[in-house]
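# Observations on the model geometry
This is what each chain is made of:
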Amino acid sequence: MKVETRLRDGVMDYFGYVSPSELLREADRSNILQSDAEGVGFLRMKDTLGATWMLVQVLMEFRKPARAGQSVTMETTNHEDFGVAILRRTSLQSHGKELLRVSTKILPVYLKERKVVPPGKLTSLWTLPAGTQGEDLERIVLPENLTLFEEVPVRYRDCDMNGHMTAYRYLDLVCEAIGYWGEHLHLLRRMQIDYRKECLPGDSLRILHGAENGRHYVGGFKPDGTCSFAAWAEFAEEEYPSIRTPNPENN
């Protein structure tokens with residue numbers, strides 16, 4: 001499915017571009033429209049099965065910074081079956097050049113029981129066939145030498161209707177921990193997050209960070225040691241001009 005749209009006006013981060021979490025929101029918009037077209041949209045899942053889709057993993061591959069108000073084409077492929085989970089791939093392009101590619105793995109979960117919906121329960125809902133299965137996302141293994149970056153309380157404002165912290169809030173925490181925002185802009189080349197244990201209002205997260213073999217690693221842990229999320233990210237070496245510092249190339 002292709003969608004022609006504009007990135008929201010006025011949504012600019014510290015560097016003046018659209019932040020990674022806002023770009024994930026845009027990719028999710030396309031993903032949601034694809035779910036509706038395939039017969040497994042959020043409303044139909046809730047009304048028919050009392051279920052919803054929950055994010056399991058996301059891989060973001062960045063090509064160029066995106067600017068607020070920029071016209072983009074979003075294209076999301078048919079779902080790919082990976083056991084009880086499905087994976088979709090979304091491309092954001094502007095004037096024929098790719099800005100971002102997002103691979104999203106999601107899981108159907110009963111809202112009340114918080115248990116996975118068996119694939120057979122969705123059989124009658126699908127209106128489009130599965131696409132050709134591509135490469136799966138690997139599970140992140142965090143190194144042992146991570147150190148404490150910060151401790152973060154989970155607030156109601158961080159959560160959505162599923163009752164837990166949103167994927168976008170996690171992404172902001174990862175970007176802060178790896179030093180994405182700072183004096184100089186180095187484009188994120190690739191970033192993956194594995195969502196493992198939901199965080200509810202009143203919980204707290206210990207954010208740990210470390211670097212190994214050119215990758216930054218971030219883990220979020222509850223007080224009992226349970227891993228809530230794991231992430232890694234790679235930066236591009238070249239520096240990119242910030243909109244905060246006027247540059248002819250930005251005009």
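Let me begin by describing the structure that accompanies this report. (Residues numbered from 1 in each chain as written. Predicted model: local features only at pLDDT ≥ 70, side-chain atom pairs only at ≥ 80, totals over all residues. Heavy atoms only, no water.)

So, on to the pairing of strand 1 (residues 2-6). Of the two faces of strand 1, only the one carrying Val3 and Thr5 is buried; Lys2, Glu4 and Arg6 on the other face are not. Alignment of strand 1 against strand 3 (residues 71-76), held across five bridges, turns out to be antiparallel. Residue pairing for strand 3: Lys2 is matched across the bridge by Glu75. (Buried < 20%, exposed > 50% of the residue type's maximum accessible area, 1.4 Å probe, protein only. Helix = DSSP H or I, 4+ residues; strand = E, 2+ residues; numbered from the N terminus. Pairing = 2+ DSSP bridges.)

Let us look at the layout of surface pockets. Within this model, the largest pocket holds a volume of roughly 910 Å³. If you trace the largest pocket, you find 36 residues lining it, with Trp53, Met54, Leu55, Asn162 and His164 closest to the centre. When residues in the lining of the largest pocket are grouped by element, the largest group, six residues, is from strand 2 (residues 51-62). Looking at the lining of the largest pocket residue by residue, the classes come out as 19 nonpolar, eight polar and nine charged. (1 Å grid on protein atoms, 1.4 Å probe; cavity = no way out; pocket = protein on both sides within 12 Å on 5 of 7 lines; lining within 4 Å. Points joined across faces, edges and corners; volume = space filled by probe spheres on them. Nonpolar A, V, L, I, M, F, W, Y, C, P; charged D, E, K, R; others polar.)

Turning next to the packing of helix 1 (residues 20-37) against helix 3 (residues 167-177). Running from amino to carboxyl end, helix 1 crosses helix 3 at an angle of 150 degrees, the nearest separation of the two axes being 8 Å. The angle between helix 1 and helix 3 falls in the class roughly antiparallel. Of the two elements, helix 1 crosses helix 3, and the hand of that crossing is right-handed. In this structure, helix 1 contributes Pro20, Ser21, Leu24, Arg25 and Asp28 to the contact, and helix 3 contributes Ala167, Tyr168, Leu171, Asp172 and Cys175. For the contact of helix 1 with helix 3, the class distribution of residues is six nonpolar, one polar and three charged. (Axes fitted to C-alpha atoms, helices over the stretch in contact; angles between N-to-C directions. Parallel < 35°, antiparallel > 145°, perpendicular 65-115°, else oblique. Left-handed = near helix turned anticlockwise from the far one by under 90°. Contact = heavy atoms within 4.5 Å.)

Quick look at the packing of aromatic side chains now. Any aromatic ring pair is given by two values, namely how distant the centres are and how the planes are angled relative to each other. Tallied over the entire structure, the rule returns six aromatic pairs. Ring centres 6.1 Å apart and planes at 75 degrees place the aromatic pair Tyr17 and Tyr240 in the edge-to-face group. You can see Tyr17 sitting in the loop between strand 1 and helix 1 and its partner Tyr240 sitting in strand 11 (residues 227-240), a full 223 residues away along the chain. Judged by its relative accessible area of 27%, Tyr240 falls in the partly exposed class. Judged by centre distance (5.4 Å) and plane angle (70 degrees), the ring pair of Tyr180 and Trp181 falls under edge-to-face. (Phe/Tyr/Trp six-rings, centres within 6.5 Å; stacked < 30°, edge-to-face > 60°.)

Take the pattern of salt bridges next. Pairs can form between side chains of opposite charge once their charged atoms are near each other. Overall, the coordinates contain 15 salt bridges when judged by the stated rule. Its salt-bridge partner being Arg8, residue Glu22 comes within 2.9 Å of it at the nearest N-O pair. Taken together, the positions of Glu22 in helix 1 and Arg8 in the loop between strand 1 and helix 1 put the pair 14 residues apart, joining distant regions of the chain. Glu22 gets classed as buried once you look at its relative accessible area, which sits at 16%. Accessibility expressed as a relative area gives 46% for Arg8, which makes it partly exposed. Across the pair Glu22 and Arg25 runs a salt bridge whose closest N-O atoms are separated by 3.6 Å. (Salt bridge = Lys/Arg side-chain N within 4 Å of Asp/Glu carboxyl O.)

Time to look at helix 3. The buried fraction of helix 3 is high, at eight of 11 residues. Turning to helix 3, its buried residues number three or more, namely Ala167, Tyr168, Tyr170, Leu171, Leu173, Val174, Cys175 and Ala177. Positive backbone phi, at 80 degrees, marks Gly179, one or two positions downstream of helix 3.

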